[in-house]
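# Coordinates in review
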Amino acid sequence: MGPSDPEPLLRMRGIVKQFPGVRALDGVDLDVRAGEVHCLLGQNGAGKSTLIKVLAGAHQPDAGEIVFAGRPARLAGPTAAMRAGIATIYQELDLVDGLSVADNIFLGHERATLGFTRRGDAERAARELLGRLGHGEIPPRREAGRLPAAGKQVVSMARALSHDARLIVMDEPSAALAHDEVANLFRIIRELTASGVAVVYISHRLEEIREIGDRVTVLKDGRSVANGLPAKTTKTDHIVSLMTGRDIEYVFPDRPAPDGDDAGDGDGGAEEGRAEVLRVEGLTLPGAFADVSFSVRAGEIVGLAGLVGSGRSEILEAVYGARRPARGRVLVDGRPVRPGDTGAAVRRGMGMAPEERKSQALLLNDSVAGNVTVAGLRRYSRFGWLNRRRELADVREQIEALDIRPPDPRRPVVTLSGGNQQKVVLARWLAGARNLRLLILDEPTRGVDVGARAELYAVIRALAARGIGVLLVSSEVPEVLGLADRVLVVREGRVVHSGAAAGLDEAAVLNMIMEGSAL
Ligand SMILES: Nc1ncnc2c1ncn2[C@@H]1O[C@H](COP(=O)(O)OP(=O)(O)OP(=O)(O)O)[C@@H](O)[C@H]1O
Ligand SMILES: [Mg+2]
């Protein structure tokens, strides 16, 4: 960087944003060139989403200057940002579920009021934009809420194109996508940048940075600690130490050595002696999964690997009682659990941290404490009033264990960063862990930064060491392999492999996951 740097498309200098009690941005600099993919990295709460909300006109900075396309930019609101040529695809997608795809694309659009007197015109234009993104199959009349996550994202991108955006900002776009969908996203990004559009790309998956990124800016505690590093050649260890301010080993905790003397017995001699916490027999739900059988022993971590849509989440939901299977049984500690009844599952000691934290898990306007203790509410209420002191002590314990930031039990969850919200979902089940027999985790580290991941892995391992069975789904194969004792591979609704994690590598699992699928 320096005087030799060509005049960038976007230049941000000294951006400050203060929230009550938190200085989210403390003088951030960012330069983005036309036609590049600029990756924005940083730990949970570093200020990434806040910075791009400033760019989107959703937040007004308290200080700093923004120059866009050679002119000082005042991004007074979302419309002003769009008019200037900046489009944002948010961490939590912001489509209007009840409106059609076409209406979402042209929502609040100048052309919606000027042109498009007829519905057919808007639909034709929508079809053309979707086609440019390689998704001509998405019907413009379909309700947006009925599309899968990847489809919603494409609609958000079509909206960006419709505004002739010169800069498209994507906040963790890959977090909700499966392997093949990420490949498609990258293809779209490459086409956009080839035509001169600049992309700001946020992700916690560092391996993606090398694949798609040109340059990297790292935020830490609201400041830019590195500006425009080359994405292809900067070492991952260096980036991680910039993000965290320390050299962390982003590795998995060691598996506990199998206890017992009967070593040499091969496949889990010691495990044989442990009681089965969960047993699933012949579970079948037509259209989702068929004839699924497996067990989880006390202290064992079992990982389900498979593509999004392979049936893995549905299997978890059926185990937990959120779906009622057509056939088969779920047993906890040897006794059948009433099917399709989450209340019964919880009473028998199951806890579940679901995949979509916003819609399924969090009371956003409630405090951290309120969200953490909601699962164990009965434990804190005696004779009708809550034991606030004990509740608060438990919550503080979880805030510390998971490093939830800021460490304030009274803060509304809606003001936490995305990754910290995910930690609150987990904290809820950990706080109730006293009676827990089986913890079910669907994508537990989605949106969680590399440093916090290591802490989370340690927490999950510690729970298992206390004898709790863990059943987990993750799209990240290394995570399944690093964390689980045993791996089940799910393909098209069937368990096609079950075996110890120790003997598997990533390529082997990916092969089993995708075999026979049209990739
Ligand atoms: N509306 C708000 N009110 C108060 N504080 C907020 C608000 N939005 C964000 N913050 C705080 O600002 C800081 C930066 O949050 P931000 O969402 O920008 O982080 P992030 O880098 O996007 O993290 P993540 O990787 O977890 O998404 C955090 O401490 C967060 O709690
Ligand atoms: Mg964020």
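Residues numbered from 1 in each chain as written. Chains lettered and ligands numbered in written order. Predicted model: local features only at pLDDT ≥ 70, side-chain atom pairs only at ≥ 80, totals over all residues. Heavy atoms only, no water.

Looking up the chain in an unreviewed UniProt entry gives the name ATP-binding cassette domain-containing protein, with the organism given as Actinomadura physcomitrii. Of the comments in the UniProt record for the chain, the one headed Subcellular location (unreviewed entry) reads "Cell membrane". (UniProt positions renumbered as here; feature names shortened; annotations may be inferred.)

## A few points about the overall build of the chain
On a plain count of helices and strands, the chain comes out with 20 helices and 22 strands. A burial count over the chain gives 55% of its 519 residues as buried. Surface summary for the chain: the accessible area is close to 23,200 Å², and the carbon and sulfur share equals 49%. (Helix = DSSP H or I, 4+ residues; strand = E, 2+ residues; numbered from the N terminus. Buried < 20%, exposed > 50% of the residue type's maximum accessible area, 1.4 Å probe, protein only. Areas by Shrake-Rupley, 256 points an atom, 1.4 Å probe, with all protein chains shown as cover.)

## Notes on the pairing of strand β6 (residues 86-89)
Within a regular beta strand, the side chains point alternately toward one face of the sheet and then the other, so they alternate between its two faces. With burial as the criterion, each face of β6 is covered, one bearing I86 and T88 and the other bearing A87 and I89. Strand direction decides the pairing type here: β6 and strand β7 (residues 167-171), joined by 4 bridges, are parallel. Within β7, the position partnered with I89 by the bridge is M170. (Pairing = 2+ DSSP bridges.)

## Focus on the packing of helix α6 (residues 149-162) against helix α7 (residues 179-194)
The interhelical angle for the contact between α6 and α7, taken along N-to-C directions, is 10°, at an axis separation of 11 Å. One way to sum up the angle between α6 and α7 is to call them roughly parallel. Contacts between α6 and α7 involve A150, Q153, M157 and L161 on the former and, on the latter, E181, L185, I188 and L192. Residue composition of the contact of α6 with α7, grouped by class: 6 nonpolar, 1 polar and 1 charged. (Axes fitted to C-alpha atoms, helices over the stretch in contact; angles between N-to-C directions. Parallel < 35°, antiparallel > 145°, perpendicular 65-115°, else oblique. Contact = heavy atoms within 4.5 Å. Nonpolar A, V, L, I, M, F, W, Y, C, P; charged D, E, K, R; others polar.)

## Section: the pattern of salt bridges
The full count for this structure, using the stated rule, is 25 salt bridges. Ionic pairing is found between D26 and R23, a salt bridge with its closest N-O pair at 2.8 Å. A salt bridge links E281 to R279; the shortest N-O distance between them is 3.1 Å. (Salt bridge = Lys/Arg side-chain N within 4 Å of Asp/Glu carboxyl O.)

## Focus: the site of ligand 1
Close to ligand 1 lie 21 residues, the nearest being G45, K48, T50, S417 and G419. At 3.2 Å from an oxygen atom of ligand 1 is found a main-chain nitrogen or oxygen belonging to A46. For ligand 1, an oxygen atom lies 2.6 Å from a polar atom in the side chain of T50. Here ligand 1 loses 88% of its free accessible area of 640 Å² to cover by the protein chains. For the shell around ligand 1, the secondary-structure elements that each account for two or more residues are β2 (22-32), α1 (48-55) and α17 (418-431). The element best represented in the shell around ligand 1 is α1, accounting for 3 residues. Taken together, the residues that form the shell around ligand 1 break down as 6 nonpolar, 12 polar and 3 charged. In terms of domain composition, the shell around ligand 1 takes at least three residues from each of domain 1 (10-244) and domain 3 (361-435). (Near = heavy atom within 4 Å. Polar contact = N/O pair within 3.5 Å; in protein donor to acceptor, adjacent residues only side chain to side chain. Domains from an automatic or database assignment.)

## Regarding the sheet that holds strand β15 (residues 335-336)
Overall, antiparallel pairing links the 4 strands, which are arranged β12-β11-β14-β15 in an open sheet. Edge positions in the sheet fall to β12 (289-297) and β15, since each has one partner strand and no second. In this structure, strand β11 (residues 276-285) lies alongside strand β14 (residues 327-332), joined through 5 bridges in antiparallel fashion. Paired with R279 across the bridge in β14 is L331. Here helix α11 (residues 312-320) sits on the sheet in contact with β11, β12 and β14, set at roughly 65° to β12.

## Topic: the confidence of the model for the chain
For the chain, per-residue confidence averages 84 on the pLDDT scale, and 86% of positions sit at 70 or higher. Within the model, pLDDT remains below 50 along residues 260-269, and this stretch shows 4 contacts once partners closer than five positions in the same chain are excluded. (pLDDT = per-residue confidence, 0-100.)

## Side note on helix α9 (residues 236-244)
The complete set of buried residues in α9 reads I239, V240, S241, L242, M243 and T244. Once α9 finishes, G245 follows within two positions and takes phi at roughly 75°, a positive value.

## Remarks on a negative patch on the surface
Residues E207, E211, D505 and E506 make up a contiguous surface patch of negative charge. Checked against the element boundaries, D505 lands in the loop between β22 (494-500) and α20 (506-514). Classification of D505 as partly exposed rests on a relative accessible area of 45%. (Patch = residues over 30% accessible without salt bridge, like charges linked within 9 Å, V, L, I, M, F, W, Y side chains within 5 Å. Lys, Arg positive; Asp, Glu negative; His and termini not counted. Charge placed at Lys NZ, Arg CZ, Asp CG, Glu CD.)

## So, the sheet that holds strand β5 (residues 71-72)
Read across the sheet, 4 strands follow the order β2-β1-β4-β5 without closing on themselves; strand pairing throughout is antiparallel. In this open sheet, the two strands that pair with only one neighbour each are β2 and β5. As paired strands, strand β1 (residues 10-19) and strand β4 (residues 63-68) are joined by 5 bridges and run antiparallel to one another. Following the sheet pairing, M12 is matched in β4 by I66.

## Examining the side chain of S310
By the element assignment, S310 lies in the loop between β13 (301-305) and α11. Given a relative accessible area of 6%, S310 falls into the buried group. The residues contacting S310, other than those within four sequence positions of it, are A288, V490, R491, E492 and G493.

## Some points on the packing of aromatic side chains
All told, the structure shown has 1 aromatic pair when counted by the stated rule. Measuring from ring centre to ring centre gives 6.1 Å for F186 and Y201, while their planes differ by 70°; the resulting arrangement is edge-to-face. Taken together, the residues F186 in helix α7 and Y201 in strand β8 (residues 198-202) connect sequence positions 15 residues apart. Taking relative accessible area as the criterion, F186 reaches 2% and is therefore assigned buried. Relative accessible area serves as the criterion here: at 0%, Y201 is assigned to the buried category. (Phe/Tyr/Trp six-rings, centres within 6.5 Å; stacked < 30°, edge-to-face > 60°.)

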